[in-house]
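# A closer look at the structure
Given next are the chains, with one letter for each unit.
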Amino acid sequence: MIKADGLKKVYGGDFVSVDDLSFQVNKGEITGFVGQNGAGKTTTIKMLTGILMPTEGHVVINGYDMKQQPMEAKKSIGYIADNPDIFLRLTGREYANFIADIYGVSELDRKERIGQMAQRFGMEDSLDKQMVSYSHGMRQKMMVIAALVHNPPVWILDEPMTGLDPNAAYELKKMMREHAEAGNCVFFSTHVLEVAEKLCDKIIMIKKGKDIYQGTLEDLVEQHKNKSLEDIFVEMTHEEL
């Protein structure tokens, strides 16, 4: 449902942020995208969602080429950015309805979905308050609710657990697994391998914009026997000074 082929992004003519990155995320899969801060994770996600166009390569989402059929591709995506501080003068409900309007979600469907997700995240009493009054974690929950209001088959999430309390993080992970089990796919970035260990069917690890591992965590641990996940991550992503 996600196919990235030879993605490359160059800034300023010579800074290569992502370099010849290819991978595929199939139906029913949760894929973790791991690497240090600055490794190119957010740039890759912005290319997957059509926010940035790649310098080279192409992206296909749910069968739609992002360059040739951008509207169809983007309609298939639920995207959660790494910064929840947007449209803060709106109430949570107004923001969710604004996103629902963009995607043409019916009044009945949006009311049901917003209500269900607000209940799961404990946000029922906060929906009609301005988001400027929310904590960082509450804003993150609202971004999740709004991003998923159109029930997209492909979820692309940039550090989605940041700022969430343990209960909300648990609920989001549960929703991600339910989504994959329903025949959809989830792609999310993280720099915490322990999160990926408990949730992912496979991981993609990058360093300086290049992939250095694709596969299951079980295979990764087998290749680095008697080492913790933290030790493996540090060893593989360490940059020489």
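The rules behind each value
Residues numbered from 1 in each chain as written. Predicted model: local features only at pLDDT ≥ 70, side-chain atom pairs only at ≥ 80, totals over all residues. Heavy atoms only, no water. Pairing = 2+ DSSP bridges. Helix = DSSP H or I, 4+ residues; strand = E, 2+ residues; numbered from the N terminus. Axes fitted to C-alpha atoms, helices over the stretch in contact; angles between N-to-C directions. Core = buried A, V, L, I, M, F, W, Y, C linked by side-chain atoms within 4.5 Å. Buried < 20%, exposed > 50% of the residue type's maximum accessible area, 1.4 Å probe, protein only. Contact = heavy atoms within 4.5 Å. Disulfide = S-S within 2.5 Å. Expected span 1.5 Å × (residues − 1). Polar contact = N/O pair within 3.5 Å; in protein donor to acceptor, adjacent residues only side chain to side chain.

### Details of the sheet that holds strand β10 (residues 210-215)
What the 6 strands build is an open sheet, ordered β6-β7-β8-β3-β9-β10; its pairing is mixed. Here the strands that pair on one side only, and so sit at the sheet edges, are β6 (77-80) and β10. Each adjacent strand pair in this sheet contributes to an overall mean axis angle of 15 degrees, direction not counted. Taken together, the 5 bridges between strand β9 (residues 202-207) and β10 define a ladder with antiparallel strand orientation. Residue Lys 207 lies in a different strand from β10, and its bridge partner there is Lys 210.

### Digging into the nonpolar core
Counting 50 residues, the largest nonpolar core has Met 176, Phe 188 and Ile 203 as its most contacted members. With near-sequence residues (within four places) excluded, Met 176 lies in contact with Ile 30, Trp 155, Leu 157, Met 161, Val 186, Phe 188 and Leu 199. Residues Val 18, Phe 33, Leu 52 and Ile 61 belong to the second largest nonpolar core, which totals 25 residues.

### Remarks on the sheet that holds strand β2 (residues 15-25)
If you walk across this open sheet you meet the 4 strands as β2-β1-β4-β5, and the pairing is antiparallel. This sheet does not close on itself; its edge strands, each paired only once, are β2 and β5 (64-65). Of the strand pairs in this sheet, strand β1 (residues 2-11) and strand β4 (residues 56-61) are connected by 5 bridges, and their pairing is antiparallel. If you follow Ile 2 over to β4, its bridge partner there is Ile 61.

### With respect to the state of the cysteines
Enumeration according to the criterion identifies 0 disulfides in this entry. No disulfide involves Cys 185; its sulfur sits 12 Å from that of Cys 200, the nearest cysteine.

### Details of helix α6 (residues 166-181)
The terminal C-alpha atoms of α6 lie 23 Å apart, and with 16 residues this matches the ideal 22 Å at 1.5 Å per residue to within 8%. Among all positions of α6, only Ala 168, Ala 169, Glu 171, Leu 172, Met 175, Met 176, His 179 and Ala 180 are buried. Check the buried side of α6 and you find it contacts β3 (30-34), α4 (107-120), α5 (136-147), β7 (154-158), β8 (185-190) and α7 (193-199). Sitting at the head of α6, Asp 165 places a side-chain oxygen 3.1 Å from the backbone nitrogen of Asn 167. Among the residues trailing α6, Gly 183 stands out with phi positive, at a value near 95 degrees.

### Examining the environment of Asp 201
With respect to the helices, strands and loops of the structure, Asp 201 is situated in the loop between α7 and β9. In sequence terms Asp 201 and Leu 217 are 16 residues apart; their C-alpha atoms lie 8.1 Å from each other.

### Observations concerning unusual backbone geometry
Located in the positive-phi region is Asn 62, a residue other than glycine, with phi close to 55 degrees. The residue Asn 62 is located in the loop between β4 and β5 in this model. The exposure class assigned to Asn 62 is partly exposed, which follows from its relative accessible area of 29%. Positive phi outside glycine occurs at Lys 208, with the angle close to 50 degrees. When you line up the elements, Lys 208 lands in the loop between β9 and β10.

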